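# Structural overview
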2 protein chains.
Amino acid sequence: MNYLKDIGEDALIKKLIKGLGKGEDLVVGPGDDCAVIDVGDALRYQLLKTDCVVEGVHYLPETSAHKVGWKAIARVISDFAAMGGEPSQLLVTLVMPENQAVEYVEQLYRGMERCAAEFGATISGGETSSLPAGSSAVISISGTGWVNKNQLVRRDEGRPNEVILVTGKLGGSILEKHLSFTPRMKEARWLVENYPITSMMDLSDGVAKDLPRLANSSGCGYFINKEAVPCNMGCDISAALGDGEDYELLFTVPAEVLESLQEEWRGVFPTLRLTAIGELTSEGAGALSLGDGWEHFRS
Amino acid sequence: MNYLKDIGEDALIKKLIKGLGKGEDLVVGPGDDCAVIDVGDALRYQLLKTDCVVEGVHYLPETSAHKVGWKAIARVISDFAAMGGEPSQLLVTLVMPENQAVEYVEQLYRGMERCAAEFGATISGGETSSLPAGSSAVISISGTGWVNKNQLVRRDEGRPNEVILVTGKLGGSILEKHLSFTPRMKEARWLVENYPITSMMDLSDGVAKDLPRLANSSGCGYFINKEAVPCNMGCDISAALGDGEDYELLFTVPAEVLESLQEEWRGVFPTLRLTAIGELTSEGAGALSLGDGWEHFRS
């Protein structure tokens, strides 16, 4: 018999979504940062997202509840940003043991509210359930958002020879940033308003896992220029590509806009790096390319 | 220090939502079966719902995965029905231990799909997360739905002297029905299309807990006619009112339509009982009324 640990998340999701019906109003289904729905609005698509943080996996019992709340919401906002959109309504499901202190849960909610308010979202509903003793708490967040139809960025429309960029520096998030990161909403909005962003996602599992997903979705191979990867202090290249939980933007643009984009970016976001780390290739999904100074991964 | 087990779900939710901002587009916020959002559509409101089932609380490890999947989706559909609406898109978050068999998860998904398809909903996205060993699995479902503006039924617009009705028979759900119940979508749609339903909710925790919620929201007291409560086979009145997981509809109508409603109902739904079990009173939220053959609860 096969167990979940044997097949990994991507293969599992592939299996599960195979049988799903596709409604007429479903513009982008499972596999992107958000589902995209045509609800009959002339100018906008609706974005839908669900995500969760699990005690012992995404945070520790001793972590500040306020920070856990911030993180739970910020992860979802980051996904809306990665589609070129903005959040609207958020729903919160708390699965907590009965012996959890009420004050902990109140602090958790205050952290969620603070993050939601910061990014213009409303917590409009929720659900609570108890949990058998000894089980890990689960905080599941789902939400709706909106994206202008002409600003929607998927992860499957990158094309060969386009440049791959990342915001910020990568790696080491678990040491400092994963509980208090700022979703790149402002940056993503600026990008889709000003440049032809052909594909985009947020970096939740690290470039080593996430870039192959983007390239695969787009039917492309990819190069990474190992020397160019922006590493956080104390991180080597392998930490920068593999640690995950960066919540930076990974996206592609046609090569001809690169110079202008980087110059304008420096003016608008002077304290946040924007780095070209490689390019998409025509070798098809799963293909690898080798070169001096380039790192490659199974795609 | 206070713990969750000391204060109960209703008091917890009341605490948590106190600080929440209220967006302009939020028509009905936390406290009803679904959140109701004005997304700018002329005729319809959007409904949002999140819910979860937890291993060891809502189902057992040995329960058929297909049935667990059906139940997880059916609970959410039941909430859309209780607002007078219909489901549209559903998102699935699975938090499962790594040593769960892949086939179990596939069966779970097949059960979810079957229920979604039966009620015209699409599973349009999801998320999976692993869980520390020994923890209970959590299946969190969230979704969007639609309700015609003139057919929206809340739980806070019941008025004194209106009749309280329930569909079906109550109690004993845990023995037979809680895994395979049919959400009362068809019945709810018929009700809101044909009668002035003033308040409605679905019975998830049993009349003894749910009716006080409805009455409280509506600022009313209530009577129950103990003799009238329709009990499932093998259930006494206390099981019928207290067992929970009935997933029947609990709703109110003005007394003057009762006769016509019951007569027409028998023609349209000949195999499903519709029973007047009491009435709302003017004594205000939390007030109790006593009478011969009436049962009362803390409201």
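The structure presented is a predicted model; accordingly, all values stated were derived computationally and were not measured.

Scoring rules and cut-offs
Residues numbered from 1 in each chain as written. Chains lettered and ligands numbered in written order. Predicted model: local features only at pLDDT ≥ 70, side-chain atom pairs only at ≥ 80, totals over all residues. Helix = DSSP H or I, 4+ residues; strand = E, 2+ residues; numbered from the N terminus. Rg over C-alpha atoms; globule rule 2.2 N^0.38 Å. Buried ≥ 20, exposed ≤ 12 C-beta atoms within 10 Å, placed from the backbone. Contact = placed C-beta atoms within 7 Å. Core = buried A, V, L, I, M, F, W, Y, C linked by C-beta atoms within 7 Å. Nonpolar A, V, L, I, M, F, W, Y, C, P; charged D, E, K, R; others polar. pLDDT = per-residue confidence, 0-100. Least-squares fit on C-alpha atoms with pLDDT ≥ 70 in both. Domains from an automatic or database assignment. Axes fitted to C-alpha atoms, helices over the stretch in contact; angles between N-to-C directions. Parallel < 35°, antiparallel > 145°, perpendicular 65-115°, else oblique. Left-handed = near helix turned anticlockwise from the far one by under 90°.

Let us look at the overall build of chain A. Along the backbone of chain A there are eight helices and 12 strands. Scaling as 2.2 N^0.38, a compact globule of 299 residues should have a C-alpha radius of gyration of about 19 Å, and chain A matches this with 19 Å. Referenced to the eigenvectors of the C-alpha coordinate spread, the extents of chain A come out at roughly 55 × 50 × 50 Å. Here chain A, with 299 residues, has 51% of them falling under the buried criterion. The contacts of chain A with a sequence gap of at least 6 include a subset with a gap of at least 24, amounting to 82%.

Our next topic: the nonpolar core. Ranked by internal contacts, the top residues of the largest apolar core, which has 176 residues, are A:I73, A:I77, A:L250, B:I73, B:I77 and B:L250. Once residues within four sequence positions are removed from consideration, A:I73 is found in contact with A:L90, A:M112, A:C115, A:A116 and A:I141.

Our focus in this paragraph is the interface of chain B and chain A. In this complex, chain B contributes 65 residues to the contact, which on the side of chain A involves 65 residues. Listed by contribution, the elements that provide at least two residues to the side of chain B that touches chain A are helix 1 (4-17), strand 2 (35-37), strand 3 (44-54), strand 4 (86-97), helix 3 (102-118), strand 5 (122-131) and strand 6 (138-148) of chain B. A total of 10 residues in the side of chain B that touches chain A trace back to one element, the largest contributor, which is strand 5 of chain B. Among the residues making up the side of chain B that touches chain A, the classes are represented as 29 nonpolar, 25 polar and 11 charged.

A word on the confidence of the model for chain A. Residues and elements named next belong to chain A. The share of residues in chain A with pLDDT of 70 or more is 94%, and the mean pLDDT across the chain is 90. The low-confidence segment residues 285-299, where pLDDT is below 50, has 36 contacts with residues more than four positions distant or belonging to other chains. Among the scores for the predicted complex, ipTM is 0.90 and pTM is 0.92.

Of the transformation placing chain B onto chain A, the axial shift is 0.0 Å and the rotation is 180°, giving an RMSD of 0.0 Å. What the rotation and shift describe, once combined, is the action of a two-fold rotation axis. Scanning chain B for the C-alpha nearest the rotation axis identifies B:S135, at a separation of 2.1 Å. The residues that chain B uses at the interface reappear at the interface of chain A in 100% of cases, marking a shared surface.

Attention shifts here to the domain arrangement of chain A. Accessible area lost upon the coming together of the parts serves often as the stated size of an interface. Residues and elements named next belong to chain A. Domains assigned within chain A are domain 1 (24-150) and domain 2 (163-295). Its C-alpha centre places domain 1 at a distance of 24 Å from the equivalent point of domain 2. Listed by partner, the interface residues are 15 residues for domain 1 and 15 residues for domain 2. Sort the elements by how many residues they give to the side of domain 1 that touches domain 2 and helix 2 (residues 65-82) lands first, with nine residues.

With that settled, consider the packing of helix 1 (residues 4-17) of chain A against helix 3 of chain B. Where helix 1 of chain A contacts helix 3 of chain B, the axes come no closer than 11 Å and their chain directions differ by 25°. Here helix 3 of chain B runs roughly parallel to helix 1 of chain A, going by the angle between their axes. Between helix 1 of chain A and helix 3 of chain B lies a crossing of right-handed hand. Between helix 1 of chain A, through A:L4, A:I7, A:L12, A:K15 and A:L16, and helix 3 of chain B, the contact on the second element is made entirely by B:V102, B:V105, B:E106 and B:Y109. The class makeup of the residues in the contact of helix 1 of chain A with helix 3 of chain B is seven nonpolar, no polar and two charged.

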